[in-house]
Amino acid sequence: MAAEPVHHAEDDPAEILRVLPERWHEQFLSEYHSALDAAHEVWRFQQLRELLRVWRLHAAAVSDPDFARAEQAVREHRRDEVISIEDAFPGWVDRRVCRLAGDGAARPRARSGPLHPRSLAE
């Protein structure tokens, strides 16, 4: 039986910081340090892994040159420049439905505001 890796290279905090625009560094580091401090409790280690995964996804999104344009289109309610989650991430809806149906996969948790990086994991 092969062991599943505990840490994915792309979830490396240094790599996340490298990709993440500077305006997000302070928030990332604050949340990372809090999660890292809490991770010495065995039952909270998974929270650190989840935080790194979510910030990796956030870094990928906000480093895309089209992100600011799309964000502004959403704020201005311009649907012509906004794409659906299904178009952006094919199969997303099916995966979410499976999670909500209780097939054993982790259920998504409620997250804070729409521009908070944690909302990208939903």
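These figures come from a predicted structure and were not determined experimentally.

Model confidence for the protein is summarised by a mean pLDDT of 74, while 57% of its residues fall at 70 or above. Averaged over each element, pLDDT in the protein is lowest for helix 6 (residues 92–101) (57) and highest for helix 2 (residues 25–38) (96). Confidence drops under a pLDDT of 50 for residues 103–122, and excluding neighbours within four residues, the segment shows 42 contacts in the predicted structure.

So, about the packing of aromatic side chains. Throughout the structure, instances matching the rule amount to three aromatic pairs. Ring geometry for Phe 28 against Tyr 32: centres 5.8 Å apart, planes inclined by 15°, an arrangement best described as stacked. Of this pair, Phe 28 and Tyr 32 both sit in helix 2, four residues apart, which is roughly one turn of the helix. Grouping residues by exposure puts Phe 28 and Tyr 32 together as buried. A ring pair is formed by Phe 28 and Trp 55, whose centres lie 5.3 Å apart and whose planes are at 65°; its orientation type is edge-to-face. Here Phe 28, found in helix 2, pairs with Trp 55, found in helix 3 (residues 45–62); they are 27 residues apart in sequence, far enough to count as distant. We classify Phe 28 as buried; its relative accessible area is 0%. One aromatic cluster is present, formed by Trp 24, Phe 28, Tyr 32 and Trp 55 through successive ring pairs.

What counts as what
Residues numbered from 1 in each chain as written. Predicted model: local features only at pLDDT ≥ 70, side-chain atom pairs only at ≥ 80, totals over all residues. Heavy atoms only, no water. pLDDT = per-residue confidence, 0-100. Helix = DSSP H or I, 4+ residues; strand = E, 2+ residues; numbered from the N terminus. Contact = heavy atoms within 4.5 Å. Phe/Tyr/Trp six-rings, centres within 6.5 Å; stacked < 30°, edge-to-face > 60°. Buried < 20%, exposed > 50% of the residue type's maximum accessible area, 1.4 Å probe, protein only.

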